[in-house]
Amino acid sequence: MKTLALFRHAKSDWSDARARDFDRPLNDRGQRGARAMGEYIKSTKHHFDRMIASPAVRAAETVEEASKAWGCTFKVEWDRRIYLASSATLIDLLKELDGDPASVLMVGHNPGLEDLIFDLVPDDGSSPLRDLVEQKFPTATFAVLELAVDRWSDIADGCARLIELKRPRDLDPALGPSLID
């Protein structure tokens, strides 16, 4: 059994129309959301053997803000392949993990993270949390999957159960969708 946690970057700032997508930082709500999720993750007592993350500015700032609130520092493995990756690319990256850690936290982007859930968790009506992901996997959302595999290299479609899903708005309604940003 392996554990995979997925953490989508927090809300980013779109105010500079000239900024490259990769370079967009978090906005104020994103910073608050990342900290709130860091506090939540701390409260769950989850332990991760590895953290791999997109090096995009908004993902890096999400890691930084959440880690401060979590009170935990990680040796983050930055992997550019996570930036705007498809589910297939994310699966390939997981299959290549060295050392076969028991639990991994991946910080990245949509639609890749959402699609990864859809590929790994069967669409058989048995997962109300998967149904929530089908509605939306918002920024700063944290999800935990249990994979019925002995090695990361064994990952296959339908091998996981989605056991936890927490959105920022579940913690603070002010961190939910807004008509004005």
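As the structure is a prediction and not an experimental result, all values here were calculated from the model.

Caption draft 1: Empty space enclosed by the protein, seen in detail. In total, this model carries one cavity of 30 Å³ or more according to the counting rule given. Volume-wise, the largest cavity comes out at about 40 Å³. Phe7, Ile41, Met51, Val63, Ala66, Ser67, Trp70, Leu105 and Val107 are the residues that line the largest cavity. A per-element tally of the lining of the largest cavity places helix H2 (residues 57–70) first, with four residues.

Caption draft 2: A look at helix H4 (residues 112–120). Within the span of H4, buried status applies to Gly112, Leu113, Glu114, Leu116, Ile117 and Leu120. Buried-residue contacts for H4 involve strand S1 (2–8), helix H3 (87–95), strand S4 (103–108), helix H5 (128–135), strand S5 (142–147) and strand S6 (160–166).

Caption draft 3: Spatial organisation of the nonpolar core. Within the largest apolar cluster, 29 residues are counted, with the highest numbers of intra-cluster contacts made by Leu4, Leu94, Met106, Ile117, Leu120, Leu145 and Leu147. Of all the secondary structure elements, the ones that give two or more residues to this core are S1, H3, S4, H4, S5 and S6. Counting residues in each nonpolar core, the second largest holds 21 residues, with Tyr40, Phe48, Val107 and Phe142 among its members.

Caption draft 4: Main features of the pairing of S5. Counting buried positions along S5 yields five of six residues, so the element is predominantly enclosed. In terms of strand pairing, S5 meets S6 through six bridges, oriented antiparallel. Within S6, the residue paired with Leu145 across the bridge is Leu162.

Cut-off values and rules
Residues numbered from 1 in each chain as written. Predicted model: local features only at pLDDT ≥ 70, side-chain atom pairs only at ≥ 80, totals over all residues. Heavy atoms only, no water. 1 Å grid on protein atoms, 1.4 Å probe; cavity = no way out; pocket = protein on both sides within 12 Å on 5 of 7 lines; lining within 4 Å. Points joined across faces, edges and corners; volume = space filled by probe spheres on them. Helix = DSSP H or I, 4+ residues; strand = E, 2+ residues; numbered from the N terminus. Buried < 20%, exposed > 50% of the residue type's maximum accessible area, 1.4 Å probe, protein only. Contact = heavy atoms within 4.5 Å. Core = buried A, V, L, I, M, F, W, Y, C linked by side-chain atoms within 4.5 Å. Pairing = 2+ DSSP bridges.

The values are spatial; any link to function lies outside them.
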